[in-house]
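# Structural characterization, general
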Amino acid sequence: MPAMVPGPTRYPVQPDRRNLLARAAGCTPGMRRLPRDPSESLDRSRAVTIVLDDRRLQAFAGDTVGSAMAVNGVAITGRSFKYHRPRGLRCMTGACSNCLVTVDGVPNVRACLTPVRDGMSVHRQNAWPSVDHDLLSIFNRFAFALPAGFYYKTFHRPRFLWPLVEPLIRRMAGLGRLPDRVIAQATDKVHLHSDVLVIGGGRAGLSAAAQSARAGKRTVLLEARPELGGRTRSSPAFSTTAQLTAETEAAGVQVFLGTPAIGGFEGGLIVAASEDRLLHIRPTEVIVATGSMEQVPVFANNDLPGIMTGEAVDRLLHLYRVLPGDRAVVIRYAPRAGETAAALTAAGAEVTIIDPATEVIESAVGRRWVQGVELRSPRGVRRLSCDLLVIGGLSVPAASLISQMGGQVAFDERRQTLSAAGLPDHVRLTGDVNGSSPAAAGPPPAYSPAGGKQFACVCMDVTKTEMEQAVIEGFDDIELLKRYTTFSMGPCQGKACLIGSVRLAAALTRRAVAPTGTPTNRPPWTPVSLEVLAAGSPTPRKETAIHDRHADAGAEFMWAGDWRRPHHYQDPREECRAVRERVGLIDVSSLGKFRIKGPQAVALLERLYPSRVGDLKIGRIRYAAMLNDQGVILDDGIICRLEPDEFFVTTTTGGTAGMEQWMRWWLADWGLDAQLLNMSGGYAAINVAGPRSREVVQRLTDLDMSAAALPYLAAARGLMAGVPALILRIGFVGELSYEIHLPSAFGEHAWDAIMEAGRGLGIAAFGLETQRVLRLEKQHIIVGQDTDALSTPYGAGLNWLVKLEKPDFLGRASLTDPDRETERLCGFTVESGDVPPEGASIVEDSRPVGRVCSSRWSGVQQGGIGMAWLPRSWVKDGRVFEIAFDTRRSTGKVHLAPFYDPDGTRLRS
Ligand code: FES
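Residues numbered from 1 in each chain as written. Predicted model: local features only at pLDDT ≥ 70, side-chain atom pairs only at ≥ 80, totals over all residues. Heavy atoms only, no water.

### Quick word on the overall build of the chain
Looking only at helices and strands, the chain features 23 helices and 51 strands. Expressed along its principal axes, the backbone C-alpha trace of the chain runs to roughly 105 × 70 × 55 Å. The buried share among the 909 residues of the chain stands at 56%. Across the chain, the mean location of the 104 positive side-chain charges is 5 Å away from that of the 96 negative side-chain charges. (Helix = DSSP H or I, 4+ residues; strand = E, 2+ residues; numbered from the N terminus. Buried < 20%, exposed > 50% of the residue type's maximum accessible area, 1.4 Å probe, protein only. Lys, Arg positive; Asp, Glu negative; His and termini not counted. Charge placed at Lys NZ, Arg CZ, Asp CG, Glu CD.)

So, in structure tokens, the structure goes:
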């Protein structure tokens, strides 16, 4: 029997010599390897050595890093996120975040699920100078300085403080550190289409999968752990696992081990991830067999190493043959806890079973690991000495994926657990996730009256005091409470704390649990590395038909969406001069190009664009922007009328695919008689711009290129360098210019011909950087750069585009009030000659009130120029304002007219 202490003592638990020695060594005394057993997953013929921090640990093949630590007496697996409290193995199922370690340089690896490899290097995380003697645990004593909503309240005044303090906080708080070098490993993305997907390889999942496969259905089974069998695998009934596994394999089920489903998405997509693979599965039917998750209730010191769930103890005993403690107190919330207690006794531990219906935990005792427990009953508080406190069978269904797939999950007051209240047609549940696990002995109290830290969320170190404080501050809605305190936002995503936190929230807000609700379940349900998320997603790389000519000319390339486009060929200032003074050419083949034809082509375009289209004459061009229902600018380009019922339409480079989808969708929805042909890949396009561009273009065609024959915003069709071409007189860079569209196969030929024709006129190729400077000098906008997801034509200064007299067009209903915008886009100059970076803030009394969206040095202005969103009342020529960037301030001045050729004389020449 354990020692019982009737009254207050000088020490909470009498220190014994073994504890003192263990304390010095940083390990706990009760952990040791047990004799061989048929249930074990070990290969004792293969010894394995791993290096933990600077210590060599002996283990067997089949051990995990967690079990190897336990068998070597390492009780502290790491330090906590905020208070640097010691953490130990808790669930052994990957459900909590207590055992996150760095393995071979990769941070945040779960020790309890990671098989050992000879020579593996393991480091415990988040401590300085060491996990066993962590000086940063001083934060544990300064909890008052780390209140709920810390990030919103602290170090923000004076303003210079936060940038200084933030890096320090980031270093001291922690969930691992990123490696200094990239640790590349081959990752892969696999697409699967199955008739049935079973999520969870426990007994229920295995049975369902085998049954489905035997019925002739293509069946896939996902299991998060490295082995099948779920709870049964680590119970006395372990042999049934082998039988079920064999049946599953014989039936032809495709099994993925160590591969948790991380999210359910629209269209029935389920995403799962292993260490090196991302699975996208589209099943016809989903069977959820995710079982239940054991939780630890809220009581004082409920985070101490040595406090474990019943399943953690079962796995240590049966799979890895590790005795986790030799004086155990088992809180028997469900009958299965009795089996755990029996297994502990059989392994030689001294066990005390507690019925939580008659006694509840007031607090755990100990500093570095549990050394005792205080229990409260109507008779008073008694204290038991122990080195293992087992919370046995306090389970909640693992139901997160159900709600992600569109089901309803709610708290069932009668059964005191989560329950699926509604399921999508293609989803079925089986096993414990259905709530079929034996009912708990009764819910534990929401918290304990004892002093000391009581953790609602162990991952994020959120205490009952912080939750209480947040509720007092008014954050009493469960979603707000979650965001303010960060409970359930850590690596376990609520697996280890959800119900405890919700019960606590209910108690603090004086509500029942059901109306308190649960926070929204979002993917990923299990953490996944960005590397795996990016698996198999090669960056598309598009090159125009003229790409090789640019490479031959020594162009520096840049990404423009998926395209590789020349940034510059020579000093951009030289390129600017060539365009402004002589003639330049740029490859604009990446623009989206569409032909729209049919009796109702006009009707289609009239509805798609806010501009008038019906009155556009044949051979004429109009600048146009496409809007969404809210009147927000989606894209821009030109509309050119080729025939009465045929139009040539361009879109931006990045908007091509989206705009095609958008136009086709509306065409189908409106049921208009028109056809849309995407010619983007089939046509190359070259823009020839500059005062001498007419001479160059005229040398290559018999068409009359004079201003009279082909004025600004006119189009001509004919041969250009011997190739059929469409020539548009438009000018993004603000000069006399011609945009020549011709079949891609002749792109290089046309480029060469233009270069040749311009040789004696000082022609020069120019890249995107030059184009951006020149267009900025004209204040021509770039959609996506100068506009965002809220920008309307009124805000962008494009009121003239909007023809409200038209009966209808997309966005019309949202644009009836031109004065509704509170911000306006306008040009500005910078007085000091600075060029503020794009994204810099416009500030008033140090508060941001606007932003710089484009900025460059302008040769024309001999200074910095840009476009910025400003409060509408500020948009007056000459109005000065303050621009903040880095630690500097500059003065900007509103400049409403274009910086270059404000009357458009050159454009129209
Ligand atoms: S002990 Fe490894 S995740 Fe809980």
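### Focus: empty space enclosed by the protein
For the structure shown, the criterion picks out 6 cavities of 30 Å³ or more. Considering the residues around the largest cavity, the lining is formed by 15 residues, among which Arg79, Ser80, Phe81, Ser97 and Leu175 are closest to the centre. Among the residues making up the lining of the largest cavity, the classes are represented as 5 nonpolar, 8 polar and 2 charged. (1 Å grid on protein atoms, 1.4 Å probe; cavity = no way out; pocket = protein on both sides within 12 Å on 5 of 7 lines; lining within 4 Å. Points joined across faces, edges and corners; volume = space filled by probe spheres on them. Nonpolar A, V, L, I, M, F, W, Y, C, P; charged D, E, K, R; others polar.)

### Observations concerning the nonpolar core
The biggest cluster of nonpolar side chains holds 55 residues, and the ones touching the most others in it are Leu222, Val288 and Met467. With near-sequence residues (within four places) excluded, Leu222 lies in contact with Leu197, Val198, Ile199, Gly200, Gly201, Phe256, Thr259, Ala261, Ala272, Leu279 and Ile281. Within the second largest apolar cluster, 46 residues are counted, among which are Met92, Val101, Ala111 and Leu316. (Core = buried A, V, L, I, M, F, W, Y, C linked by side-chain atoms within 4.5 Å. Contact = heavy atoms within 4.5 Å.)

### Overview of the domain arrangement of the chain
Split by domain assignment, the chain resolves into domain 1 (185–292 + 396–440) and domain 2 (822–909). The distance between the C-alpha centroids of domain 1 and domain 2 comes to 57 Å. (Domains from an automatic or database assignment.)

### What to know about a nonpolar patch on the surface
Where nonpolar side chains cluster on the molecular surface, the patch consists of Ile138, Phe142 and Phe144 and spans about 330 Å² of accessible area. One can find Ile138 in the loop between strand E9 (121–124) and helix H3 (150–153). Taking relative accessible area as the criterion, Ile138 reaches 41% and is therefore assigned partly exposed. (Patch = residues over 30% accessible without salt bridge, like charges linked within 9 Å, V, L, I, M, F, W, Y side chains within 5 Å. Areas by Shrake-Rupley, 256 points an atom, 1.4 Å probe, with all protein chains shown as cover. Salt bridge = Lys/Arg side-chain N within 4 Å of Asp/Glu carboxyl O.)

### Quick notes on helix H12 (residues 478–485)
Within H12, 6 of the 8 residues are buried, which leaves the element mostly enclosed by the surrounding structure. Inspection of H12 places Ile478, Glu479, Leu481, Lys482, Tyr484 and Thr485 among the buried residues, and these make up the whole buried set. Looking at the buried positions of H12, the neighbouring elements they touch are H3, strand E32 (462–463), helix H11 (464–472), helix H13 (498–508) and helix H14 (513–516). Taking the backbone nitrogen of Glu479 as reference, a side-chain oxygen 2.9 Å away marks Asp477 as the first, capping residue of H12. Backbone geometry just downstream of H12 places Thr486 in the positive-phi region, at approximately 75°. (Polar contact = N/O pair within 3.5 Å; in protein donor to acceptor, adjacent residues only side chain to side chain.)

### Re unusual backbone geometry
In this chain, Trp128 is followed by Pro129 through a cis amide linkage whose omega measures 0°. Note that the residue after Pro523, namely Pro524, is joined by a cis bond; omega there is -5°. Among the structural elements, Pro524 can be located in the loop between H14 and helix H15 (530–533). Phi angles above zero are rare outside glycine, and Asn108 is one such case at about 60°. If you trace the backbone, Asn108 turns up in strand E8 (residues 106–110). We note that Ser846 has phi near 65°; this positive angle belongs to a residue other than glycine. With a relative accessible area of 30%, Ser846 lands in the partly exposed category.

### Some thoughts on the pairing of strand E35 (residues 584–587)
Burial along E35 is two-sided: Gly584 and Ile586 and Leu585 and Asp587, pointing in opposite directions, are all buried. Strand direction decides the pairing type here: E35 and strand E45 (residues 764–765), joined by 2 bridges, are parallel. When the bridges of E45 are listed, Leu585 appears paired with Ala765. (Pairing = 2+ DSSP bridges.)

### Some remarks on the packing of H11 against H12
Taken N-terminus to C-terminus, the directions of H11 and H12 make an angle of 125°; their axes are 10 Å apart at the nearest point. In this view, H11 runs oblique relative to H12, as classed from their interaxial angle. H12 is crossed by H11, and the crossing has right-handed handedness. Of the residues in H12, those in contact with Glu466, Met467, Ala470 and Val471 of H11 are Leu481, Tyr484 and Thr485. Across the contact of H11 with H12, the residue classes tally to 5 nonpolar, 1 polar and 1 charged. (Axes fitted to C-alpha atoms, helices over the stretch in contact; angles between N-to-C directions. Parallel < 35°, antiparallel > 145°, perpendicular 65-115°, else oblique. Left-handed = near helix turned anticlockwise from the far one by under 90°.)

### A short note on the packing of aromatic side chains
Geometry of an aromatic ring pair is reported as the spacing of the ring centres plus the angle between the planes. By the definition in use, this model includes 9 aromatic pairs. Ring centres of Phe150 and Phe155 lie 6.2 Å apart, and the angle between their planes is 80°; this geometry places the pair in the edge-to-face category. Seen from their ring centres, Trp662 and Trp666 are 5.8 Å apart, and the 75° between their planes marks the pair as edge-to-face. Residue Trp662 and its partner Trp666 are located together in helix H19 (residues 656–670), separated by 4 residues, close to a single helical turn. Taking the relative accessible area as the measure of exposure, Trp662 reaches 21% and is therefore partly exposed. You can call Trp666 buried: its relative accessible area is 11%. Grouping aromatic residues by their ring pairs yields a cluster made of Trp662, Trp665, Trp666 and Trp670. Seen from the ring of Phe455, Arg87 lies directly overhead, with NZ or CZ sitting 5.3 Å from the centre. A cation over a ring is seen here: Arg580 above Tyr900, with NZ or CZ 3.7 Å from the ring centre. (Phe/Tyr/Trp six-rings, centres within 6.5 Å; stacked < 30°, edge-to-face > 60°. Lys NZ or Arg CZ within 6 Å of the ring centre and 35° of its normal.)

### So, the sheet that holds strand E44 (residues 737–743)
As summarised here, the arrangement of the 6 strands in space is E42-E43-E44-E41-E35-E45, forming an open sheet in which the pairing is mixed. Each of the sheet's edge strands pairs with one partner strand only, and the pair in question is strand E42 (715–720) and E45. Sheet topology note: the E42/strand E43 (residues 723–728) ladder contains 6 bridges and is antiparallel. Bridge pairing links Ala715 to Leu728 in E43. Its contacts with the sheet put helix H21 (residues 747–758) on E35, strand E41 (683–689), E43, E44 and E45, and the angle it makes with E41 is roughly 15°.

### Structural notes on the environment of Gly500
Mapped onto the secondary structure, Gly500 falls in helix H13. Note on Gly500: relative accessible area 13%, which makes it buried. Those residues in contact with Gly500, other than ones at most four positions away along the chain, are Gln295 and Val298.

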